Amino acid sequence: MNRKSVIWLLLPAFMGVLLFALFPIIQIIIPTFQTRYGFWGLYSTFLRNTYNWQIIGRTFFIAIVTIILVLILGLPISLWIARQKKSIKQILMILILFPMLTNAVVRNFAWIIILGRDGIVNKFLLNLHLINHPLSLLYTNLAIIIGSIYLFLPIMIITLTSNISELNLEVEEAAAVLGSTPLQTLFKIIIPQLTTGIFTGCILVFAGTMTAYTTPQILGGNRHLVMSTLIYQQAMTLGNWQKASVIALILIIISALSMWIMKKINYFLDRRPSRA
């Protein structure tokens, strides 16, 4: 196939990306510069506000904690699933994917029932006499993190399971013969080979958590805003579309820069031999 044919075949895909990905971003950027405050006026005003930095910090904190906890929970589950028979593995993967078929709003309202003052968790702790009064679990950062973990854990498990299935079991058997303990095998042999899969899962979870709206809105409320809910508040409640566009662009830049950094870290930590 000559170069000209390749270009013509790629042109529809390129136009689709341009139309549905780049054009909306351009539409977001343009109104933020059409103000009397100057070229960077709205951006500097937003970034000088300490409350906005608290929201950015909260968004980052929730995303990082979610990544860590999802990885800690997802890695052992993925290892166990990947080492099962093919038929059992298929059933387990269906069970992992099943919650994703349910609407996110329904799933988050289920957590309201679980984490509310009269919810399952508080009733359980009260019946065990571990607490004297109901805990305020709902509309907190903890509630958002729990909802985010539930939302993105299947993604991490699927990503890691596919990578673990490609590992050579003979390497682990050789390590065991040479006296390696299971923990040594995990940290010195298995995890270094899963660097790419781990970072891929982390990037997907990070991007999803940073931009998620439904979970922070339902479980965090207006007292614990993140950047996505702040965008909705400015646009739909206050009608300030210019400021909403500013926040959206800042969120895009932060997310893209963070994912680029994680990709670079993955490149330096990847111990797989080069195929070149």
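This is a predicted model, so every value here is computed, not measured. (Residues numbered from 1 in each chain as written. Predicted model: local features only at pLDDT ≥ 70, side-chain atom pairs only at ≥ 80, totals over all residues. Heavy atoms only, no water.)

**Student:** Help me out: how do you make sense of the packing of helix α1 (residues 3-33) against helix α13 (residues 241-269) in this one?
**Tutor:** Any two packed helices are characterised by how steeply their axes cross, that is the angle between the axes, and by the distance between the axes. It is at 8 Å that the axes of α1 and α13 come closest, and there the two elements cross at 125°. Judged by the inter-axis angle, α1 sits oblique to α13. As for the relative orientation of α1 and α13, their crossing is left-handed in sense. Within the contact between the two elements, α1 uses I25, I28, I29, P31 and T32 and α13 uses Q242, S245, V246, A248, L249 and I252. (Axes fitted to C-alpha atoms, helices over the stretch in contact; angles between N-to-C directions. Helix = DSSP H or I, 4+ residues; strand = E, 2+ residues; numbered from the N terminus. Parallel < 35°, antiparallel > 145°, perpendicular 65-115°, else oblique. Left-handed = near helix turned anticlockwise from the far one by under 90°. Contact = heavy atoms within 4.5 Å.)

**Student:** I would appreciate a short explanation of the confidence of the model for the protein in the present structure.
**Tutor:** The predicted model of the protein averages 87 in pLDDT, with 96% of residues at 70 or higher. Predicted confidence in the protein is weakest over α1, with a mean pLDDT of 82, and strongest over helix α3 (residues 50-82), with 94. (pLDDT = per-residue confidence, 0-100.)

**Student:** Sorry, what's going on with the environment of N52 here?
**Tutor:** Looking at the element boundaries, N52 is found in helix α3. When the C-alpha atoms of N52 and T200 are compared, they prove to be 29 Å apart, with 148 residues separating the residues in sequence. Setting aside residues no more than four positions away along its own chain, N52 makes contact with F46 and L230.

**Student:** Just to check I follow, could you spell out a nonpolar patch on the surface for this structure?
**Tutor:** A surface patch of nonpolar side chains, amounting to about 840 Å² of accessible area, comprises W8, L11, F14, M15, V17, L18, L22, I26 and I30. Relative to the helices and strands, I26 resides in helix α1. We classify I26 as partly exposed; its relative accessible area is 42%. (Patch = residues over 30% accessible without salt bridge, like charges linked within 9 Å, V, L, I, M, F, W, Y side chains within 5 Å. Areas by Shrake-Rupley, 256 points an atom, 1.4 Å probe, with all protein chains shown as cover. Salt bridge = Lys/Arg side-chain N within 4 Å of Asp/Glu carboxyl O. Buried < 20%, exposed > 50% of the residue type's maximum accessible area, 1.4 Å probe, protein only.)

**Student:** Quick question: what am I supposed to make of unusual backbone geometry here?
**Tutor:** Working note: non-glycine residues mostly have negative phi, and peptide bonds are mostly trans. The phi angle at H129 is positive, at roughly 60°, despite the residue not being glycine. Tracing the sequence through the fold places H129 in the loop between α6 (120-127) and α7 (141-164). The backbone phi angle of Y139 is positive, close to 60°, even though this residue is not glycine. Under the relative-accessibility criterion, Y139 is labelled partly exposed at 35%.

**Student:** I would appreciate a short explanation of the nonpolar core in the present structure.
**Tutor:** Generally speaking, nonpolar side chains in soluble globular proteins are found buried as a group. The biggest cluster of nonpolar side chains holds 52 residues, and the ones touching the most others in it are F46, I164, L194, M227 and I250. Those elements that place two or more of their residues in this core are α2 (41-48), α3, α4 (86-97), α7, α9 (182-193), α10 (195-211), α12 (227-237) and α13. Those residues in contact with M227, other than ones at most four positions away along the chain, are I55, I56, T59, I247, I250, L251 and I254. Counting seven residues, the second-largest nonpolar core is a separate cluster that includes L115, L138, A143 and I218. (Core = buried A, V, L, I, M, F, W, Y, C linked by side-chain atoms within 4.5 Å.)

**Student:** Please explain the packing of α3 against α10 as it appears in this structure.
**Tutor:** Where α3 meets α10, the closest approach of the two axes is 9 Å, and the angle between their N-to-C directions is 145°. Pair α3 / α10 crosses with right-handed handedness. The segment α3 lies against α10, with T59, F60, I62, A63, I64, T66, I67, V70 and L71 engaging I198, C202, V205, F206, T209 and M210. Considering only residue class, the contact of α3 with α10 consists of 12 nonpolar, three polar and no charged. (Nonpolar A, V, L, I, M, F, W, Y, C, P; charged D, E, K, R; others polar.)

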